[in-house]
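Chain by chain, the residues run as shown.
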Amino acid sequence: MRLKQVLLIVVIAVLAVFPMFGQEGNQTITASDEITEKEFAEANLEEKMRILLENEQLDGTVTGVSIKHAETGEQLFSQDGDIRLHPASNMKILTAAAALETLGEDYQFTTEVLTDGKKRGKVLHGDLYLKGKGDPTLLQDDFEQFAKDIKAQGIQKIKGDLVGDDTWYDDVRLSQDLNWSDEPFYTGAQVSALTLSPNEDYDAGTVIVQVSPAEEAGGQAKVTLTPETDYVTIENKTKMVPAGESRDISIEREHGSNTIVVEGTMPVDGSHSRSWASVWEPTGYALDVFEKALEEENIRFIGRSERKTGATPDAARLLTSKQSMPLHELLIPFMKLSNNGHGEVLTKEMGKVVSGEGSWDEGLEVIEDVAAQYGMDKDTIQLRDGSGMSHKTMIPAHDLSQFLYEVQASDWFDAFEYSLPVAGESDRFVGGTLRNRMKEEPAKGNVTAKTGSLTGVSTLSGYVTSADGEELIFSILINNYLGSSSSMRAIEDAIATTLAEHAFNE
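Described in the following lines is the structure provided in the data block.

Rules used throughout
Residues numbered from 1 in each chain as written. Predicted model: local features only at pLDDT ≥ 70, side-chain atom pairs only at ≥ 80, totals over all residues. Heavy atoms only, no water. Core = buried A, V, L, I, M, F, W, Y, C linked by side-chain atoms within 4.5 Å. Buried < 20%, exposed > 50% of the residue type's maximum accessible area, 1.4 Å probe, protein only. Helix = DSSP H or I, 4+ residues; strand = E, 2+ residues; numbered from the N terminus. Contact = heavy atoms within 4.5 Å. Salt bridge = Lys/Arg side-chain N within 4 Å of Asp/Glu carboxyl O. Pairing = 2+ DSSP bridges. Axes fitted to C-alpha atoms, helices over the stretch in contact; angles between N-to-C directions. Nonpolar A, V, L, I, M, F, W, Y, C, P; charged D, E, K, R; others polar. 1 Å grid on protein atoms, 1.4 Å probe; cavity = no way out; pocket = protein on both sides within 12 Å on 5 of 7 lines; lining within 4 Å. Points joined across faces, edges and corners; volume = space filled by probe spheres on them. Phe/Tyr/Trp six-rings, centres within 6.5 Å; stacked < 30°, edge-to-face > 60°. Lys NZ or Arg CZ within 6 Å of the ring centre and 35° of its normal.

With that settled, consider the nonpolar core. Counting residues in each nonpolar core, the largest one holds 47 residues, and the members touching the most others are Leu94, Leu346 and Phe416. Contributions of two or more residues to this core are made by helix 4 (91-102), helix 7 (327-336), helix 8 (340-355), helix 9 (360-373), helix 10 (397-406), helix 11 (413-419) and strand 22 (471-479). With 8 residues, the top contributor of residues to this core is helix 4. With residues near it in sequence (within four places) discarded, Leu94 still touches Ile367, Ala371, Met376, Leu383, Ile395, Leu400 and Phe403.

Under the definition given, this model contains 20 salt bridges. Two residues, Asp230 and Lys292, come together in a salt bridge whose shortest N-O distance is 2.8 Å. Separated by 62 residues along the polypeptide, Asp230 in the loop between strand 11 (222-226) and strand 12 (233-241) and Lys292 in helix 6 (residues 282-296) bring together distant segments of the chain. Given the relative accessible area of 60%, Asp230 is considered exposed. Looking at Lys292, the relative accessible area reads 23%, which means it is partly exposed. Shared partners join several salt bridges into a network, and the residues in it are Asp230, Asp288, Glu291, Lys292 and Arg307.

With 8 of 9 residues buried, strand 22 is to be regarded as a mostly interior element. Strand direction decides the pairing type here: strand 1 (residues 62-69) and strand 22, joined by 8 bridges, are antiparallel. For Val65, the partnering residue across the bridge sits in strand 22 and is Ile476. Here strand 21 (residues 457-465) pairs with strand 22 via 9 bridges, running antiparallel. The residue bridging Tyr463 from the neighbouring strand is Ile473, located in strand 22. Connecting the antiparallel pair strand 21 and strand 22 is a turn made up of 5 residues, with Gly469 showing a positive phi of about 85 degrees.

For any two helices packed against each other, one specifies the inter-axial angle together with the distance between the axes. Following both chains from N to C, one finds helix 7 and helix 8 inclined at 145 degrees, their axes separated by 9 Å at the closest point. Note on element contacts: helix 8 touches helix 7 through His342, Gly343 and Leu346, opposite Leu327, Leu330, Pro333 and Phe334. When the residues that make up the contact of helix 7 with helix 8 are grouped by side-chain class, the tally is 5 nonpolar, 2 polar and no charged.

Once that is clear, we can look at the layout of surface pockets. The volume enclosed by the largest pocket comes to roughly 1300 Å³. Forming the boundary of the largest pocket are 44 residues, of which Tyr186, Thr187, Leu337, Ser338 and Thr433 lie nearest the centre. Broken down by secondary-structure element, the contributors of at least two residues to the lining of the largest pocket are helix 8, strand 20 (448-454), strand 21 and helix 13 (485-501).

Our focus in this paragraph is empty space enclosed by the protein. The tally for this structure, following the rule as stated, stands at 2 cavities of 30 Å³ or more. When its volume is computed, the largest cavity comes out at roughly 100 Å³. As for the largest cavity, its lining consists of 15 residues, of which Leu178, Thr187, Gly188, Ala189 and Glu344 are closest to the centre. No other element matches helix 8, which puts 3 residues into the lining of the largest cavity. Across the lining of the largest cavity, the residue classes tally to 7 nonpolar, 6 polar and 2 charged. Taken as a whole, the second largest cavity holds about 70 Å³ of empty space. Around the second largest cavity sit 13 residues that line it, and Gln190, Val191, Ala204, Gly341 and Val345 are the ones nearest its centre.

Relative to the elements of secondary structure, Ala70 occurs in the loop between strand 1 and strand 2 (75-79). Note on Ala70: relative accessible area 7%, which makes it buried. Separated by 402 residues in the primary sequence, Ala70 and Leu472 place their C-alpha atoms 4.8 Å from one another. Excluding its chain neighbours within four sequence positions, the residues that come into contact with Ala70 are Tyr405, Gln408, Glu471, Leu472 and Ile473.

Right, let's talk about the packing of aromatic side chains for a bit. Overall, the coordinates contain 10 aromatic pairs when judged by the stated rule. Ring geometry for Phe413 against Tyr463: centres 5.7 Å apart, planes inclined by 80 degrees, an arrangement best described as edge-to-face. Here Tyr463 lies in strand 21 and Phe413 lies in helix 11, a separation of 50 residues in the sequence. Assigned by exposure class, Phe413 and Tyr463 land together as buried. By the ring-pair criterion, three or more aromatic residues cluster together here, those being Tyr374, Phe403, Trp412, Phe413, Phe416 and Tyr463. Positioned over the ring face of Trp168 is Lys133, at 5.1 Å from the centre of the ring.

Structure below.
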């Protein structure tokens, strides 16, 4: 009993080295003077983990933890590892792995511009089709290049319609469990086979709304969009206030429309406020930006032309096309930045490639099959989307750690592991969602893991090397917590760092 009491005090010292990041600011816990870190370090792994998980902030939660030896698969520690819990964005581990297994590391999305008409002089007589096949990385620059390619073929006028073809996937835009409160924001953007991203974070189906101070108080702040588009309407309800007053800006799209309401106060000496807003029906958004690109190249639609959606005729002729970056490169923004849209696009793409139907149902079936192939029990898990936004997805920590163990033998494992966030590395496309966590050695640059966060859910699963060179796998799923998310992250970080500090052979 004495060792347990000693370790219970020491764990406070362990947690004290981890800042708790969040809206409540940095918090630390004062260590007891009675106990040294040496006594904690000399305990075995089971004792260390038990004490870390006795933290009173976990009272009332269900916390599943599974730790395995990466080389042998031996179970080194377990607490409620067989309990089905919500993984949040740890679900992306399954989606990324299934995409690598099913589509391949070098898989690319394709976008095409086609016509069913004929060119007579400088006039194209027929419709112009913009056919999307799921690429979430299309930028305004790509549409501008399409326009240049069309102009280079001697086309200056189009006597026909501009048609957006998004039939590569079904027309279900949002996964079945997505909350209305998430839908206006980039985390809950709609999924279409024809879409557009505002910058190289590749948050498809969103626009960047920036609010900047005007020169004088009393009027409205300046609001700009990236890319510029008429597809959304800005309702500017902001008010400029004198220098020194607080900035308080809200940016939110109204449900069911493309009206983005911007309201609040901006001081004349204030800094920019920027937010990503999702658009309603992103196919029309892509068409709008493409039409503007055509206009910039002085390509005009004549006659009774319309902008609409529809399927491209089988006999249509290809004018130009673009292929996306290969999948192993796309996994970097997907996994490092935890891009929800990429998770859903990849799910539908797997359904399209394997079953001929770009839907959540077919795509999730593919993911389940790959999960079973790499050690998961299909009767134990429930998968509802590809991103982890659903509060109905359930996976035990044991299944996740077993999956992480078995995928090590795959041909594509290096690409998968490289996509995981790396603790304490400041580069966004290296550290990702772990760039501000575990910033000290031995965890820094050592812990590679996928984070996850939903209301009441915090998760972390991945790989770490111990102090004496043992490769370890861990999965931590914390569910049903109340209060600060930063305190949950601190506990996860304490566990991962303790694994990095632990020596098995001393």
